[in-house]
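Descriptive structure summary
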Amino acid sequence: MQAQSWLAARNWQPFEFQRQVWQAIAEGRNGMLHATTGSGKTYAVWLGMLEQMLQRHPPGRDAGPLRAIWLTPMRALASDTTKAIAQPLADLAPNWTIGQRTGDTPSAERARQDRRFPTVLVTTPESLSLMLTRENSREELQGVEYVVVDEWHELIGSKRGVQAQLALARLRRFNPGLVTWGLSATLGNLEEAMQVLCGPDTTPAPQLVRGKIDKALVIDTLIPPDPGKYSWAGHLGARMQQPVVDEIAKSGTTLVFTNVRSQAEIWYQLLLEAKPEWAGEIALHHGSMDKATREWVEQGLKEGSLRAVVATSSLDLGVDFLPVERVLQIGSAKGVARMMQRAGRSGHAPGRASRVTLVPTNTMEIIEAAAARRAAQAGRVEQRESPDKPLDVLVQHLVTIALGGGFREEELFEEVRTAWAYRGLTRKEFDWAIAFCARGGESLTAYPDYHRISLDEDGVWRVPDRGIAKRHRLGIGTIVSDAAMQVKYMSGANIGTIEEGFIARLRKGDCFFFAGKLLEFIRVQDMAAYVKRATRNKGTVPTWQGSKMALSAELGEAVLEMMQRAAQGDFFEPELEAARPMLTTQARLSRIPTPDTVLVETFRSREGCHLYVYPFAGRHVHLGLASLLAWRLARERPNTFSMSVNDYGFELVSAEEFDLAPVLDKTVFSTADLLHDVLASLNSTELAQRRFREIARVAGLVFSGYPGQPKSAKQLQASSGLFFEVFRKYDKGNLLLGQAEREVLSQELEISRLRSTLARMLRKDVAFAELRHPSPMSLPLMVERFREQLTTEQLSTRLDRILKDMERDTG
């Protein structure tokens with residue numbers, strides 16, 4: 001075996017799982033390799049494929065263009081992947097070529113590829129879809145023998161993953177013998193994930209390979225001194241500044257992960273404030289920063305010239321940074337898979353230990369840290385599921401295939417149904433999608449711009465208009481685009497991109513931290529925010545979209561199991577011992593939540609009657625639950641509730657008394673008429689209209705603008721809002737409206753999790769406590785609500801008074 005000889009020449013011995021992959025590929029099987037980060041997944045799959053390609057196309061001869069495609073979810077991974085797979089290629093088949101094709105590929109390189117594709121191409125789902133729009137796509141792509149989908153766990157749950165499924169279905173139509181393999185590091189539902197990738201009814205049966213190697217994973221906690229009896233979101237954050245600095249000082253290169261970009265900006269400033277002499281040795285990295293700056297940081301990590309980098313999920317995925325010794329996770333990672341993925345950024349090589357140190361920012365996160373470690377050790381990793389037949393992606397794909405040589409209805413219907421997401425697609429839904437592409441549905445028939453495909457004399461659907469074709473190709477990447485605005489210095493130098501809604505709230509002279517710099521806002525011009533370096537030393541940290549991740553179901557259950565041990569007086573983990581003052585106070589004033597009980601607390605204050613419920617299902621589910629319970633309680637007796645939520649529970653507050661009996665007898669938790677009650681309890685039309693903006697963009701209804709002339713989020717929202725209202729009034733059968741409602745339920749409200757949470761609550765006993773003072777569990781929910789009403793100074797004063805009153809009364 002030539003590939004094995006190549007390994008031996010480097011004194012490398014293959015692992016058993018790598019041999020299993022090579023055997024499966026030799027048998028012509030599709031499959032998925034699940035192994036820890038840094039264990040050798042890339043060579044396991046690539047060397048197996050390369051061996052088979054060398055047998056079919058001896059290295060002395062021209063293999064022909066494009067025999068293998070490597071799909072990566074991030075442009076940043078493309079360069080590292082290309083370097084890794086180019087090494088054996090250069091030695092074993094020096095006349096074969098390798099190239100990249102992403103949004104960052106220079107036009108000269110694209111033009112060279114357009115004349116002749118390389119033997120191996122590293123690309124993204126969007127760029128592969130663009131390749132399918134080429135008139136001669138069948139001739140160019142029918143020779144592809146192998147496809148690798150890297151970081152499949154990152155793609156499977158998104159519309160980009162559906163885009164990849166459809167592209168793979170097309171490639172299999174071109175070449176029925178295509179072999180596809182996925183790579184994954186952190187995933188709970190492996191068999192299902194493999195089926196989604198390989199498609200239903202695959203012959204021979206696909207093979208799942210689990211890469212078990214002795215790679216140590218160290219998960220520990222930086223426990224704060226004296227966390228206290230009461231704690232709330234961010235309560236311990238600044239207090240952890242010096243311990244974090246001390247850990248970085250005594251370690252090699254360190255990655256400091258935060259969950260959101262605003263938190264990354266804060267921690268970068270905290271580190272510089274504590275150690276000004278580290279300027280130039282520490283850096284910041286997140287997706288909104290300029291590409292050149294991000295690449296400089298990544299290069300510094302690879303060379304080991306940086307002491308620490310504060311990052312978000314922009315560095316989660318498999319870029320190899322060998323010098324990184326350890327990872328610090330600020331706050332809870334909120335999921336077992338995310339924590340393990342980040343841990344794998346350290347010790348990123350076979351045989352080296354990966355180490356992640358969790359840095360709690362409140363007392364509940366101390367308990368979460370112990371729960372996450374136990375869950376990881378037990379292999380309780382979150383599942384990820386494919387979206388179910390998103391019609392906006394289908395509409396986009398129909399126009400793509402019509403551009404790429406055209407299609408016949410029967411053939412494409414059968415092809416699309418081989419993609420897992422569309423296995424349940426009905427002919428009626430497919431016909432509606434074609435009619436929508438051809439005529440714009442019932443309400444847009446009079447507008448030629450929405451007549452995107454038409455039948456030619458041979459019965460083939462094609463795109464007849466060059467302008468429509470150009471706009472479609474420019475719109476394919478909109479599945480991942482956000483409403484963002486460039487940030488530039490007055491000289492025109494680019495700094496990065498920032499949420500457009502944040503810029504809209506700024507006035508001239510306002511200051512904010514961005515990309516580690518304190519900037520002063522000057523003006524907006526041509527979809528760019530112009531700034532200058534600020535001289536004042538106070539800034540506002542940007543509030544980014546999606547600023548809070550939700551606790552996963554698996555981690556929520558693990559936290560409850562930890563609390564049950566504490567309720568039994570067993571503080572067996574150092575984290576539980578650190579949280580003992582809070583837990584014993586909770587037990588004294590109320591009850592400690594456990595897996596077998598639903599804790600319900602009530603409290604009276606000058607604001608009115610407070611109800612606290614703790615399902616431990618994550619903030620997204622709790623938002624739906626709080627709205628549902630408020631609506632059901634007010635249905636019996638009209639009342640007005642205000643609410644707040646966190647990952648552990650929710651609070652309802654009303655000025656008027658309400659009947660507690662439906663809560664205590666659990667009738668209010670009923671799953672009967674759930675869909676009706678949830679939609680009635682929320683402004684579901686407003687939520688659906690907001691969700692429709694993305695659907696309209698993906699489906700090609702709204703054009704985001706030509707390069708250099710992008711439309712603003714306000715313009716896009718106005719356009720999509722107009723379509724939404726037109727469809728509601730004149731095209732009620734438009735399936736994109738139904739998709740918007742389904743996505744609100746499944747993604748924003750997580751209706752399936754909400755239903756399963758209610759079912760669990762019905763099986764549990766209610767543990768009821770009437771509070772004289774806020775408990776350690778209820779105070780953080782109060783703080784969430786206060787933050788929306790009070791300034792930071794007023795909040796601090798209010799909390800001081802509450803804590804003093806409690807200490808005085810409880811001793």
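Since this is a predicted model, take the numbers as computed values, not measurements.

Regarding the overall build of the protein chain
For the protein chain, the helix and strand inventory stands at 32 helices and 27 strands. Taking 2.2 N^0.38 as the reference for a compact globule, 811 residues should give roughly 28 Å; the C-alpha atoms of the protein chain span a radius of gyration of 28 Å, in line with that estimate. Dimensions of the protein chain, computed from C-alpha atoms along their principal axes, come out at roughly 85 × 70 × 60 Å. Considering the protein chain as a whole, with its 811 residues, one finds that 58% of them fall into the buried category. A separation of at least 24 residues holds for 74% of the contacts in the protein chain among residues at least 6 apart in sequence. If you sum the accessible surface of the protein chain, you get close to 33100 Å²; carbon and sulfur atoms cover 48% of it. With 101 positive and 97 negative side-chain charges, the protein chain shows a spacing of 3 Å between the two charge centroids.

Quick look at the packing of aromatic side chains
Evaluation of the coordinates by the stated rule reveals 13 aromatic pairs. Taken together, the aromatic side chains of Trp432, Phe436, Tyr450, Phe692, Phe723, Phe724 and Phe727 make up a single cluster linked through ring pairs. The ring of Phe413 has Arg427 sitting right over it, with the charged end atom 5.2 Å from the ring centre. The residue whose ring lies beneath Arg523 is Tyr530, and the NZ or CZ to ring-centre distance is 5.4 Å.

A few points about the confidence of the model for the protein chain
Confidence in the prediction of the protein chain, expressed as mean pLDDT, is 85, and 90% of residues score 70 or more. Segment residues 539-547: pLDDT under 50, and 31 contacts once partners within four positions in sequence are set aside and those in other chains are kept.

Structural notes on the packing of helix H24 (residues 619-636) against helix H30 (residues 751-763)
Helix-helix packing is described using two parameters, namely the angle between the two axes and the distance between the axes. Contact geometry for H24 and H30: axes closest at 9 Å, N-to-C directions at 65 degrees. With respect to H30, the axis of H24 lies roughly perpendicular. Crossing handedness for the pair H24 and H30: right-handed. Contact residues: H24 offers Val621, Gly624, Leu625 and Leu628, while H30 offers Arg753, Leu754, Thr757, Leu758 and Met761. Per-class residue counts for the contact of H24 with H30 are 6 nonpolar, 2 polar and 1 charged.

Side note on the sheet that holds strand S21 (residues 597-605)
One open sheet holds the 5 strands; their spatial order is S23-S24-S22-S21-S27, and the pairing between them is mixed. With one partner strand each, in any of the chains shown, strand S23 (641-645) and strand S27 (765-770) form the two edges of the open sheet. Looking at each pair of strands side by side, their axes are set apart by 20 degrees on average, direction ignored. Bridge count between S23 and strand S24 (residues 650-654): 5 bridges; the pairing is antiparallel. Bridging from a neighbouring strand, Val645 pairs with Phe650 of S24. Sitting on the sheet, H24 touches strand S22 (608-614), S23 and S24, and the angle it makes with S23 is about 160 degrees.

As for the sheet that holds strand S9 (residues 254-257)
The strand order across the open sheet formed by 6 strands is S8-S13-S12-S9-S11-S10, and the pairing between neighbours is parallel. Of all the strands in the sheet, just strand S8 (217-221) and strand S10 (282-285) have a single pairing partner and so form its edges. On average, each strand axis in the sheet is inclined to that of its neighbour by 20 degrees, with strand direction left out of account. Pairing of S8 with strand S13 (residues 354-359), which is carried by 5 bridges, proceeds in the parallel orientation. The residue bridging Val218 from the neighbouring strand is Arg355, located in S13. Sheet contacts for helix H11 (residues 241-249): S9, strand S11 (308-311), strand S12 (326-330) and S13; angle to S12, the most-contacted strand, approximately 170 degrees.

As for the pattern of salt bridges
One pass over the structure, following the stated rule, counts 39 salt bridges. We note a salt bridge from Glu743 to Lys159, for which the minimum N-O separation is 2.9 Å. With a gap of 584 residues between them, Glu743 in helix H29 (residues 735-748) and Lys159 in helix H9 (residues 159-174) connect regions that are remote in the sequence. Judged by relative accessible area, which is 6%, Glu743 ranks as buried. Take Lys159: its relative accessible area is 8%, and that puts it in the buried class. For Glu573, the salt bridge identified is with Arg374, shortest N-O distance 3.7 Å. With Glu573 in the loop between helix H21 (553-567) and helix H22 (574-578) and Arg374 in helix H15 (residues 363-377), this residue pair connects regions lying 199 residues apart in the sequence. Within this structure, Arg101, Asp114, Arg134 and Glu140 form a network of salt bridges that share partners.

Quick look at the environment of Leu328
Tracing the backbone shows Leu328 in strand S12. Residue Leu328 is classed as buried on the basis of its relative accessible area of 0%. Put simply, Leu328 and Thr426 are 98 residues apart on the chain and 48 Å apart in space, counted from C-alpha to C-alpha.

Considerations on the environment of Val698
For Val698, the position within the fold is in helix H27 (residues 684-698). Along the sequence, Val698 and Leu391 sit 307 residues apart, while their C-alpha atoms lie 9.5 Å from each other.

Thoughts on helix H1 (residues 2-9)
Every buried residue of H1 is listed here: Ala3, Trp6 and Leu7. Around the axis of H1, the buried residues are gathered within 100 degrees of arc, so they sit on the same side. Positive phi shows up at Asn11, right after H1, with a value of about 60 degrees.

Concerning the side chain of Arg452
Mapped onto the secondary structure, Arg452 falls in the loop between helix H18 (427-439) and strand S14 (454-455). The charged side chain of Arg452 is buried without a salt bridge, its nearest counter-charge being Asp449 at 9.5 Å. Within the structure, Arg452 has its side chain in polar contact with the backbone oxygen of Ala699 (distance 2.6 Å). Ignoring sequence-local partners within four residues, the contact set of Arg452 consists of Val395, Val399, Phe436, Cys437, Ala438, Arg462, Val463, Pro464, Ile468, Ala699, Gly700 and Leu701.

Overview of the nonpolar core
In this structure, Tyr422, Ile453, Phe692 and Leu701 are the most contacted members of the largest nonpolar core, which totals 80 residues. With 9 residues, the top contributor of residues to this core is helix H16 (residues 391-403). Among residues more than four places away in sequence, those in contact with Phe692 are Leu701, Ser720, Phe723, Phe724, Phe727, Leu736, Leu737 and Ala740. Ala311, Met364, Val381 and Met563 belong to the second largest nonpolar core, which has 62 residues in total.

Examining unusual backbone geometry
Its identity as a non-glycine residue notwithstanding, Asp226 has a phi of 50 degrees, on the positive side. Topologically, Asp226 is positioned in the loop between S8 and H11. You will see that Lys389, though not glycine, has its phi angle at about 35 degrees, which is positive. Relative to the helices and strands, Lys389 resides in the loop between H15 and H16. For Lys389, a relative accessible area of 17% corresponds to the buried category.

Points about helix H19 (residues 466-475)
Every buried residue of H19 is listed here: Ile468, Ala469, His472 and Gly475. Burial along H19 is one-sided: seen end-on, the buried residues are contained in an arc of 130 degrees.

The rules we used
- Residues numbered from 1 in each chain as written.
- Predicted model: local features only at pLDDT ≥ 70, side-chain atom pairs only at ≥ 80, totals over all residues.
- Heavy atoms only, no water.
- Helix = DSSP H or I, 4+ residues; strand = E, 2+ residues; numbered from the N terminus.
- Rg over C-alpha atoms; globule rule 2.2 N^0.38 Å.
- Buried < 20%, exposed > 50% of the residue type's maximum accessible area, 1.4 Å probe, protein only.
- Contact = heavy atoms within 4.5 Å.
- Areas by Shrake-Rupley, 256 points an atom, 1.4 Å probe, with all protein chains shown as cover.
- Lys, Arg positive; Asp, Glu negative; His and termini not counted.
- Charge placed at Lys NZ, Arg CZ, Asp CG, Glu CD.
- Phe/Tyr/Trp six-rings, centres within 6.5 Å; stacked < 30°, edge-to-face > 60°.
- Lys NZ or Arg CZ within 6 Å of the ring centre and 35° of its normal.
- pLDDT = per-residue confidence, 0-100.
- Axes fitted to C-alpha atoms, helices over the stretch in contact; angles between N-to-C directions.
- Parallel < 35°, antiparallel > 145°, perpendicular 65-115°, else oblique.
- Left-handed = near helix turned anticlockwise from the far one by under 90°.
- Nonpolar A, V, L, I, M, F, W, Y, C, P; charged D, E, K, R; others polar.
- Pairing = 2+ DSSP bridges.
- Salt bridge = Lys/Arg side-chain N within 4 Å of Asp/Glu carboxyl O.
- Arc of directions from axis to C-beta.
- Polar contact = N/O pair within 3.5 Å; in protein donor to acceptor, adjacent residues only side chain to side chain.
- Core = buried A, V, L, I, M, F, W, Y, C linked by side-chain atoms within 4.5 Å.

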